[in-house]
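# Observations on chain architecture
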Amino acid sequence: MDFDLKQLRSFIDVADLGSFSAAAQKVGMTQPAISLHVRLLEKQLGTRLIERVGRRAQPTPAGRDLLVHARRIAEDVAQAMEAIAPHRSGAAGRLRIGTGATALIYFLPAILGQIRHAMPDIEIKVQTGNTPDILRLLEDNMIDAAIVTLPASARSIDLRDINCEELVAIFPPAAPVPRGNITADYLCDQPLLLYEGGNTRRLVDDWLRASGKRLQPVMELGSVEALKKLSQAGLGIAIVPSMAVQDEAASASLVIRSLSPRLERRLALALRRDKHMTAPLRALSALLSHRSEA
């Protein structure tokens, strides 16, 4: 049996105010409409709920029993609407993002900070991994959006370029570094530290092959931070995203050189085509678009 909330509210108002006309005036309806609500509720329940005692409308014994539950139902509905209201306005909700560790550390913090400032009650979760793993999570709807390194492809997913950055070679500060940009020929004779796996490594391998070189790194690590520390310690030359060494460039704690030919990687926002664009998702998309145009 499905209760009609309008009928329940009309019944409560008549019982509280003792008058059909007063109940109608309270909600801006006509008295016949309120009477109809109560009659339909009585028909559905198979018993009288309101009776007239003199000039006053009062609940019957069945009506008094129903009134206890009707008030509780009305209160629960009001609380439910109150709980949902922040989601309608975008003040609450959840944003689940998948991305690589480097983008999480150096690219996303300012953007997530702006979203948190505008929507302080939303829950933000970030999961890191390589592009193929993150895209699988997106396809399975385990996350709402992904920041991935191109090239990438997946069924039912749209990709939009949001950032293009250079991949650079980094050296310890006291290392003898040749003038100009760094070539694959030069790297052939040097200890090379490379990121392990993922699209960024694939881009570096393709760059080396295009120069006719296939180099065996002395170390492969899954952390850009580790690559930086090992390079600073003089263990080799690393190739890393430029966003990861901005502080080191300013402090001169690493020597940074461009590659020749220039090597770049592109980041993209990935979204399911059928994904409902919640307020947090719209905010993320807008901020990334603004950053890409800056």
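Heads up: these notes are all about the structure in this document. (Residues numbered from 1 in each chain as written. Predicted model: local features only at pLDDT ≥ 70, side-chain atom pairs only at ≥ 80, totals over all residues. Heavy atoms only, no water.)

## What to know about the overall build of the protein
Our working definition: Each helix corresponds to a stretch of at least 4 residues labelled H or I by DSSP, and each strand to a stretch of at least 2 residues labelled E; elements are numbered beginning at the N terminus. Atoms counted for the radius of gyration: C-alpha only. Globule rule: 2.2 Å times the number of residues to the power 0.38. Remark: exposure states derive from per-residue accessible area (1.4 Å probe, protein chains only) relative to the maximum for the residue type, with buried under 20%, exposed over 50%, and partly exposed in between. In this description, contact between two residues means that some pair of their heavy atoms is separated by no more than 4.5 Å. Note on areas: Shrake-Rupley with a 1.4 Å probe; residue coverage comes only from the protein chains shown. This count recognises Lys and Arg as positive and Asp and Glu as negative, with His and chain-terminal groups excluded. To locate a charge, take NZ of a lysine, CZ of an arginine, CG of an aspartate or CD of a glutamate.
Secondary structure assignment for the protein yields 12 helices and 12 strands. Here the C-alpha atoms of the protein give a radius of gyration of 32 Å, more than 25% beyond the 19 Å that 2.2 N^0.38 yields for 294 residues. The 294 residues of the protein split such that 41% are buried. Here the analysis covers contacts within the protein between residues at least 6 apart in sequence; of these, 72% occur between residues at least 24 apart. Counting only carbon and sulfur atoms, one obtains 51% of the accessible surface of the protein, whose full area is about 15,800 Å². Placing the 37 positive and 32 negative side-chain charges of the protein at their respective mean positions leaves the two points 5 Å apart.

## Digging into the packing of aromatic side chains
Under the convention used in this document: Between 30 and 60 degrees the pair is tilted, below 30 it is stacked and above 60 it is edge-to-face, where a pair is any two Phe, Tyr or Trp rings, Trp via its six-membered ring, whose centres lie within 6.5 Å.
By the definition in use, this model includes 1 aromatic pair. Arranged with centres 6.5 Å apart and planes meeting at 50°, the rings of F171 and Y186 form a pair that is tilted. Note that F171 is positioned in strand β6 (residues 157–171) and Y186 in helix α8 (residues 184–187), a separation of 15 residues in sequence. Judged by relative accessible area, which is 21%, Y186 ranks as partly exposed.

## Observations concerning the pattern of salt bridges
Short version of the rule: By convention in these notes, a salt bridge is any Lys or Arg side-chain nitrogen within 4 Å of a carboxyl oxygen on Asp or Glu.
Within the structure shown, the criterion is met by 18 salt bridges. One salt bridge connects K26 with D13, and the closest N-O pair in it is separated by 2.9 Å. Here K26 is found in helix α2 (residues 20–27), whereas its partner D13 is found in helix α1 (residues 5–17), with 13 residues between them in sequence. Overall, the relative accessible area of 56% leaves K26 in the exposed class. A salt bridge links R96 to D144, with the shortest nitrogen-to-oxygen separation between them at 2.9 Å.

## Some thoughts on the nonpolar core
Under the convention used in this document: Definition used in this section: a nonpolar core is a set of buried Ala, Val, Leu, Ile, Met, Phe, Trp, Tyr and Cys residues joined via side-chain atoms within 4.5 Å.
Ranked by internal contacts, the top residues of the largest apolar core, which has 22 residues, are F107, I147, L269, L284 and L288. Those elements that provide at least two residues to this core are β3 (92–99), α6 (109–118), β5 (145–149), β12 (264–272) and α12 (279–293). Ranked by residue count, the leading element in this core is α12, at 5 residues. Discounting chain neighbours no more than four positions away, the residues touching F107 are T102, I162, N163, M243, L267, L288 and R291.

## Here's the deal with the pairing of β12
One face of the sheet, then the other: side chains in a regular strand alternate in exactly this way. Spelled out, the test is: Between any two strands, pairing holds if DSSP finds at least two bridges.
Here β12 lies mainly inside the structure; 7 of its 9 residues are buried. Both β5 and β12 contribute to a ladder of 4 bridges, which runs antiparallel. Each residue of the ladder has a partner; that of A146, found in β12, is A270. When β6 meets β12, the two strands line up antiparallel, connected through 9 bridges. In the strand pairing of β12, D158 is matched with L271.

## Structural notes on helix α3 (residues 31–45)
Applicable threshold: How far a helix is expected to stretch is found by multiplying one less than its residue total by 1.5 Å. Working definition: the arc comes from the directions between the helix axis and the C-beta atoms, pointing outward to the latter.
In this model α3 runs 21 Å from its N-terminal to its C-terminal C-alpha over 15 residues, within 8% of the 21 Å that 1.5 Å per residue would give. Taken together, the buried positions of α3 are occupied by I34, S35, H37, V38, L41 and E42. Take α3 and look down its axis: the buried residues cluster within an arc of 155°, on one side only. Facing away from the buried surface of α3 by more than 90 degrees, the exposed residues are P32 and K43.

## Some points on the packing of α1 against α3
Helix-helix packing is characterised by the crossing angle of the two axes and by the distance between the axes. Going by this rule: For helices, the fitted line uses only the C-alpha atoms of the stretch in contact; every axis is such a line through C-alpha atoms, and the angle between N-to-C directions lies from 0 to 180 degrees. By the definition adopted for this analysis, an angle is roughly parallel if under 35 degrees, roughly antiparallel if over 145, roughly perpendicular if from 65 to 115, and oblique otherwise.
Orientation of α1 relative to α3, taken along the N-to-C sense of each, is 110°, at an axis distance of 8 Å. Taken together, the axes of α1 and α3 are roughly perpendicular relative to one another. Between α1 and α3, the residues in contact are K6, Q7, L8, S10, F11 and V14 and I34, H37, V38, L40, L41 and Q44, respectively.

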